[in-house]
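A closer look at the structure
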Amino acid sequence: MKKTIKSLACIALVIALIASLAGCAKINYVTNGAIKAINEVKSGDWLNQGEEGEEGGDSEEDKIVIDELTPGTYGGVEFKTVDDVAKYYKEAYDYTKSLTAEYKTEDGSTATYYKLLGDENMEIGDVMIDGSANAVVNKLVPSIVSGMFKPSTYGLVPCYNRDPNLDNNGEDEHKKADHDFKTTEFSGEDILAANVTDNGDGTITLVIQPKAAEMSTRGDDSQGRFFEVLGDISGVVADIKQVSFTQGTPEENIRVIYKGGTGTIKIDTKTKEVVEADYVMETTVKVTHASIAVIKDKSAELTIKYINHYPATDEYLKSSKGITRK
């Protein structure tokens, strides 16, 4: 049977990617592109024979991907266990997010934001349809996403806004009335593995791999306390009328699995200020029994890598948000 490349892309993009990212407050502008693609599928355009690749089936085991801690003293700081790493990370995170700076905006006014602001990027891995990769789809997906993704800037993740006064759960469906993200609740219980390096210049670098989590929500679990995550996306998918399921509910057919992501954080040991950091969140979105137009009962799997680097360059801040450091 002939396969519609745009149909396959829609299953992966709309359900596994577009809908899921629409659940993230930072990346909610891609839905229109998804609906346009769906309409092209329904019109019968872009019919093509798909090229099947090798079958997928990656294990969901939470494997350690970094070196484990060698107890010792690094930069004058003693680390015996991952609890010590988590404690030091919390102190550095909380202190860094207490620091603000003035920025000049596009209209010439002055605004107060976090001192440490970062950039963001998103990488899309292979799309698996019914367990098989499709070469054409995997070339199509990154080009569509790159045209829709509009980078912004935020404080240390998880973060809702570069303005400290607005760094809370905002309008998220999982809102906590008495909690914001100017401090972190990350602890040793959240760590799968960690290590420390003395850089010999008054700084140390922590590398942390948080434990795996599923359908993670900002601030609520090992992944949500360390990365910027997507939250519960099932309700977003349920609101897309073009998508249906041959059996079960969106909650039963959608899984978002976080594992393997790491954070690399360089800290000044004199002040405990984070001076540079890279957070690489990795997640797999899995959808089963999905239908769009004439495409029935399909499963889709998509990997997403979301990357935050600190500090952002002056050029990035200017181009992404029109702000400059004073």
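Residues numbered from 1 in each chain as written. Predicted model: local features only at pLDDT ≥ 70, side-chain atom pairs only at ≥ 80, totals over all residues. Heavy atoms only, no water.

1. Some words on unusual backbone geometry
Here the bond from V157 into P158 is cis, since omega is -5°, no more than 30 degrees from zero. In this structure, P158 sits in the loop between α4 (135-148) and β8 (191-198). At the junction of Y310 and P311, the peptide bond is cis and its omega measures out at -5° in the coordinates. Its identity as a non-glycine residue notwithstanding, M215 has a phi of 50°, on the positive side. When you line up the elements, M215 lands in the loop between β10 (213-214) and α5 (234-238). With phi around 65°, K272 is a residue other than glycine that occupies positive phi space. (Helix = DSSP H or I, 4+ residues; strand = E, 2+ residues; numbered from the N terminus.)

2. Quick notes on the packing of aromatic side chains
Any pair of aromatic rings gets described here by the distance separating the centres and the angle formed by the planes. Under the criterion given, the structure shown has 10 aromatic pairs. Here Y74 and F79 contribute two aromatic rings whose centre-to-centre distance is 6.3 Å and whose plane-to-plane angle is 55°, an arrangement assigned as tilted. Of the two residues, Y74 and F79, neither departs from the other in class, the shared state being buried. Both rings, one in Y89 and one in Y93, keep their centres 5.9 Å apart while their planes meet at 50°; by these two values the pair is tilted. Separated by four residues within a single helix, Y89 and Y93 lie in helix α3 (residues 82-96), roughly one turn from each other. Site record: aromatic cluster; members linked through ring pairs are Y89, Y93, F186, F226, F227, Y279 and Y310. Taking NZ or CZ as reference, R162 lies 4.9 Å from the ring centre of Y113, over its face. Looking at R218, its charged tip hangs above the ring of F181, at a distance of 5.7 Å from the centre. (Phe/Tyr/Trp six-rings, centres within 6.5 Å; stacked < 30°, edge-to-face > 60°. Buried < 20%, exposed > 50% of the residue type's maximum accessible area, 1.4 Å probe, protein only. Lys NZ or Arg CZ within 6 Å of the ring centre and 35° of its normal.)

3. Digging into the pattern of salt bridges
Scanning the entire structure with this criterion turns up 11 salt bridges. A salt bridge links K272 to E91, with the shortest nitrogen-to-oxygen separation between them at 2.4 Å. One end of the pair, K272, is in the loop between β13 (262-268) and β14 (273-292); the other, E91, is in helix α3, and 181 residues separate them in sequence. Among the residues examined, E91 registers a relative accessible area of 29% and is labelled partly exposed. Between D167 and K97 there is a salt bridge, and its shortest N-O distance comes to 2.9 Å. With D167 in the loop between α4 and β8 and K97 in the loop between α3 and β4 (100-104), this residue pair connects regions lying 70 residues apart in the sequence. (Salt bridge = Lys/Arg side-chain N within 4 Å of Asp/Glu carboxyl O.)

4. Here we look at the sheet that holds strand β5 (residues 110-114)
In space, the three strands of this open sheet follow the order β5-β4-β16, with antiparallel pairing throughout. Of all the strands in the sheet, just β5 and β16 (324-325) have a single pairing partner and so form its edges. The sheet contact formed by β4 and β5 spans five bridges and is antiparallel. In the sheet register, T100 faces β5, and the bridge partner there is Y114. (Pairing = 2+ DSSP bridges.)

5. Overview of the environment of V207
Structurally, V207 is set in strand β9 (residues 203-210). With sequence-adjacent residues up to four places away left out, V207 is seen in contact with I66, A193, A194, N195, G263 and T264. (Contact = heavy atoms within 4.5 Å.)

6. Focus: the nonpolar core
Among soluble globular proteins, nonpolar side chains are generally buried collectively. Grouped together as the largest cluster of nonpolar side chains are 47 residues, with contacts concentrated most on F79, Y89, L206, I208, I265 and Y279. When residues in this core are grouped by element, the largest group, seven residues, is from β14. Those residues in contact with I208, other than ones at most four positions away along the chain, are I66, V85, Y89, F186, I191, A193, A194, F226, G261, T262, G263 and I265. One finds A111, Y113, Y114 and L317 within the second-largest nonpolar core, a separate group that totals 11 residues. (Core = buried A, V, L, I, M, F, W, Y, C linked by side-chain atoms within 4.5 Å.)

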